[in-house]
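Reading the structure
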Amino acid sequence: MLKFDFAHTKLKERRHILPFQLQVNRAHSKIINRTGEGSDFLGWVDLPVNYDKTEINRMLDKVNDLKQKQVEILLVIGIGGSFLSSKSGIDFVKGYSYTEDKVLFTGTDLSSDHIKIVEEKLKGKKWAIAVISKSGITLEPALAFRHFKNLLQQVQPENTNEYIIAITDAEKGALKELSNSEGYTTFTIPNDIGGRFSGLTPVGLFPMAFAGIDIIKVMDGAAKARDKYLNDSSLKTNDAFRYAVARHFYGLKRWSYHPDRATPSGNNPMHWTLKGSKKYYEEVFVTWTPDLIQTSEWVKQLIGESLSKKGRGILPTSATFTRDLHSLGQTFQEGYKSFFETVIWVEKERNEITITDDLKNIDGLNYLIKNKFSDTNIMTYKAVTASHFSGGTPVMTILLDDKTEETLGYFWYFFFITTAMSGYLLKVNPFDQPGVEVYKKKMFKNFKRELNGNEKNN
């Protein structure tokens, strides 16, 4: 289902990967025994094999209920992990254009224009809301929910609450309190799973189920990845940990040893000096199909929010080829080499379309007839990968078999456990996000200052 390849890098297994085995063993122990920082949020580790089947059946029953009520559109309101998991999952399995008329997303920004566009798409349709928030007070989704809840009451005044689904905390929070008082159908976000790791909970599963995705198969794929990666710490066989070590190596600062300053305890870091800044500051996640654009966004949040702490970590960015080759190709080939690439490549697409003949052949492309579009994509991928590598950019590849439900679940779990390993190798807590709270505090402080100022002027 998934393979990791670093052939287009200068990494050598013996020299660059295997020396980290002891550190990986220690980090692996923290994951297995739940002894590392943030271990209270390791609920995703065993979720694929011990998930609540009753909750799954309740979600499927609710989806059937909405379909019987002839609901045409599900409006999903959420941000961050409460948006990216289901959006990326639906795009992955169904295609990126599917959500344009079946499942809509809002609550990701504060744009009036975007709100209006969503309103226009809902006109003349029968729709329901799935609002996703642990607390119910995150600004963007809370304001969007307030707006669209009122709109739904106008267009569906009878039994409005039957068309609102809340995915939230089991016991507390503003959204849970409102759900209890209004009688919304609710599904639970587990307390031991953080937002960016919540794709295998109702956060990701309910919207995907409405989109016609077999969520049981998603869980089955995640279970297979768990069997493959969780209990094997060997850097010779565990691709998730091999990838974690490879990207960790690229982000390390380079140190040199000065024996003239050494004491009998030669391993003392005080006797090592920084040889230069770290070689790579960015990891560019490259996809080769529009269906995976949101997958890149999902990975960026998972990696960035989990690992960029204490001045450590690598900036996650993304590009979609071949589209971005026509705007960023020059930069990738000959620009400043501050980044390495991680390609997420799908071996088999859902559809195959053959290139047709053209009698005039003005574009000179008849030599490609009878080839498939996917064949040309593969040939281009191989050429670009080799070209970027020859230009000095390391290119690692995560190869996926296809874009099915099982592969999606497998891929998600691969990145969950890779991220946990990467965090412990970096010596950071991969499950908190203290930096996110800084801008929120300043934002609400500014709100109060601005509003108080306006009130004084009125």
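As shown above, the structure is provided for reference.
Residues numbered from 1 in each chain as written. Predicted model: local features only at pLDDT ≥ 70, side-chain atom pairs only at ≥ 80, totals over all residues. Heavy atoms only, no water.

Let us now look at the packing of helix α5 (residues 81-94) against helix α9 (residues 202-210). Interaxial distance between α5 and α9 falls to 8 Å at its minimum, and their mutual angle equals 40°. In terms of their interaxial angle, α5 and α9 are classed as oblique. α5 and α9 meet at a crossing whose hand is right-handed. Every residue of α9 that contacts α5 at Gly81, Ser82, Ser85, Ser86, Gly89 and Ile90 is listed here: Val203, Gly204, Pro207 and Met208. Here the residues of the contact of α5 with α9 sort into four nonpolar, six polar and no charged. (Axes fitted to C-alpha atoms, helices over the stretch in contact; angles between N-to-C directions. Helix = DSSP H or I, 4+ residues; strand = E, 2+ residues; numbered from the N terminus. Parallel < 35°, antiparallel > 145°, perpendicular 65-115°, else oblique. Left-handed = near helix turned anticlockwise from the far one by under 90°. Contact = heavy atoms within 4.5 Å. Nonpolar A, V, L, I, M, F, W, Y, C, P; charged D, E, K, R; others polar.)

All right, on to the sheet that holds strand β6 (residues 185-188) then. The five strands lie next to each other as β3-β2-β4-β5-β6, forming an open sheet whose pairing is parallel. Every interior strand has two partners, whereas the edge strands, β3 (103-106) and β6, have only one. The average undirected angle you get between the axes of adjacent strands in this sheet is 20°. The pairing of strand β2 (residues 73-77) with strand β4 (residues 127-132) spans five bridges and is classified as parallel. Paired with isoleucine 77 across the two strands is valine 131, which belongs to β4. Where helix α6 (residues 112-122) meets the sheet, its contacts fall on β2, β3 and β4, and the angle it forms with β3 comes to roughly 160°. (Pairing = 2+ DSSP bridges.)

Two modes of strand pairing occur in sheets, parallel and antiparallel, and in both the strands are linked by backbone hydrogen bonds. Spatial strand order, β1-β12-β11-β9-β10: five strands in an open sheet with mixed pairing. Only two strands of the sheet have a single partner each, and these edge strands are β1 (2-8) and β10 (315-320). Across the sheet, the mean angle separating the axes of adjacent strands is 25° when strand polarity is ignored. Pairing analysis gives six bridges linking strand β11 (residues 339-346) to strand β12 (residues 395-400), with the strands arranged parallel. Counterpart to isoleucine 344 in the pairing with β12 is isoleucine 398. The strands touched by helix α15 (residues 405-426) within the sheet are β1, β9 (282-287), β11 and β12, with β12 carrying the most contacts at an inclination of about 140°.

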